[in-house]
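If you want the building blocks of each chain, they are given just below.
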Amino acid sequence: MARLLASAGDESETLDGVERQGQAEAMTDLHRFQSFDGVSIGYRTLGDPAGWPTVMLHGFLASAESNWFLPGIAAVVAATGRRVIAPDLRGHGRSDAPSDPAAWPPDVLARDQEALVAHLHLSDYDLVGYSLGARTAVRMLTRGARPSKLVLAGMGERGLMEAGARAAMFEDAIRHGEAARDPRAGRRVQAMMAAGGLKPEAMLGVLASFAATSAEAIAAIDVPTLVVAGQRDDDNGSVEALAAMMADARAVRVPGDHLSAVMEPALAETIVGFLKATQ
């Protein structure tokens with residue numbers, strides 16, 4: 001596939017493509033733009049530059065590469081003629097990871113994506129999120145974003161409405177590692193942070209920026225929505241319960257748990273089937 005070019009004014013770093021799950025080797029570019037507060041956000045593109053824009057948001061302690069490109073999901077989406085736009089959320093991947101608490105106000109991740117949509121002059125696009133990315137997508141809609149279709153993966157009603165015990169577990173693991181209340185979780189989180197080169201201060205900033213979404217706000221989301229998770233994934237609540245709260249949503253289960261579902265071909269197939277379906 002031909003190299004994709006950065007938008008005018010972008011700083012662009014060429015990245016080697018990878019072959020995953022039978023998809024042809026592809027070249028992607030890393031682009032950068034300045035968000036609303038000057039923080040540099042990196043995003044990758046794949047597919048036909050003239051294709052339908054599909055913004056894909058990754059999960060906590062992950063990156064666009066680990067959630068979308070390495071498992072082959074981005075390639076499957078791009079193979080339908082779409083243009084994949086996959087940012088690294090603030091603090092993750094190739095995006096800046098500020099340590100100053102002032103750089104982590106409520107809804108900062110949603111505001112970054114609003115800035116990306118504005119930077120790329122997107123008026124019509126689909127929005128896909130996994131875990132933290134799904135929460136960020138919902139916050140975008142509550143703030144006025146209007147994608148044509150919405151995919152919420154690895155997310156249930158509880159993860160949108162409250163930070164809760166899961167956020168407390170992450171904070172404890174980030175701060176204390178193996179000395180956390182749950183040593184196994186502490187080791188796992190520390191290993192993920194080390195693998196991704198993630199700063200503890202930035203990850204704590206992500207947690208601090210959480211903004212709850214009310215049941216009324218969830219019910220007001222009326223764009224066609226797919227809510228999907230692994231069969232063994234209720235980490236953020238129930239996908240069935242979340243879909244039932246929404247005006248135009250359906251729930252689907254695929255093999256796997258919260259961490260493994262992204263590696264299951266069924267997840268990519270389910271996402272693409274929903275995005276390709278006509279209303």
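Residues numbered from 1 in each chain as written. Predicted model: local features only at pLDDT ≥ 70, side-chain atom pairs only at ≥ 80, totals over all residues. Heavy atoms only, no water.

*Asks:* In this structure, what is going on with the side chain of Arg83? I would like to understand it.
*Replies:* Mapped onto the elements of the fold, Arg83 is located in strand 5 (residues 83-87). Every residue in contact with Arg83, bar those within four places of it in the chain, is listed here: Thr45, Leu46, Asp48, Pro49, Gly51, Trp52, Pro53, Thr54 and Leu120. (Helix = DSSP H or I, 4+ residues; strand = E, 2+ residues; numbered from the N terminus. Contact = heavy atoms within 4.5 Å.)

*Asks:* Any chance you could explain the nonpolar core here in plain terms?
*Replies:* Leu127, Leu150 and Met203 are the most contacted members of the largest nonpolar core, which totals 53 residues. Beyond its immediate stretch of four places on either side in the chain, Met203 contacts Phe60, Leu61, Gly91, His92, Ile174, Met193 and Leu198. If you look at the next biggest cluster of nonpolar residues, it comprises 28 residues, including Leu46, Ala64, Leu226 and Val252. (Core = buried A, V, L, I, M, F, W, Y, C linked by side-chain atoms within 4.5 Å. Buried < 20%, exposed > 50% of the residue type's maximum accessible area, 1.4 Å probe, protein only.)

*Asks:* What is the right way to read the pairing of strand 3 (residues 40-47) from this model?
*Replies:* Regular strands show a simple pattern: their side chains alternate between the two faces of the sheet. Most of strand 3 sits inside the fold, with eight of its eight residues counted as buried. Pairing of strand 3 with strand 5, which is carried by five bridges, proceeds in the antiparallel orientation. Among the inter-strand pairings, Arg44 is bridged to a residue of strand 5, identified as Ala86. (Pairing = 2+ DSSP bridges.)

*Asks:* Which parts of the structure should I look at to understand unusual backbone geometry?
*Replies:* Leaving glycine out, the prevailing phi sign among residues is negative, and the prevailing peptide bond configuration is trans. You will see that His121, though not glycine, has its phi angle at about 55°, which is positive. Tracing the sequence through the fold places His121 in the loop between helix 3 (108-119) and strand 6 (126-130). The exposed category is assigned to His121, whose relative accessible area is 69%. The phi dihedral of Ser131 falls on the positive side, at around 55°, and the residue is not glycine. Here Ser131 lies in the loop between strand 6 and helix 4 (132-142).

*Asks:* Mind showing me how you'd approach helix 3 here?
*Replies:* One full turn of an α-helix is made of 3.6 residues, so residues set three or four places apart face in the same direction. The terminal C-alpha atoms of helix 3, which comprises 12 residues, lie 16 Å apart, in line with the 16 Å expected from a rise of 1.5 Å per residue. Within helix 3 the residues assigned to the buried category are Val108, Leu109, Ala110, Asp112, Gln113, Ala115, Leu116 and Val117. Phi turns positive, to about 55°, at His121, one or two residues after helix 3. (Expected span 1.5 Å × (residues − 1).)

*Asks:* How should the environment of Arg253 be read in this particular structure?
*Replies:* Along the chain, Arg253 turns up in strand 9 (residues 249-254). Sequence separation of Arg253 and Val227 is 26 residues, and the distance between their C-alpha atoms is 8.6 Å. Filtering out sequence-adjacent residues up to four positions away, Arg253 remains in contact with Ala229, Gly230, Gln231, Asp233, Asp234, Val239 and Glu240. At 2.8 Å, the side chain of Arg253 forms a polar contact with the backbone oxygen of Gly230. (Polar contact = N/O pair within 3.5 Å; in protein donor to acceptor, adjacent residues only side chain to side chain.)

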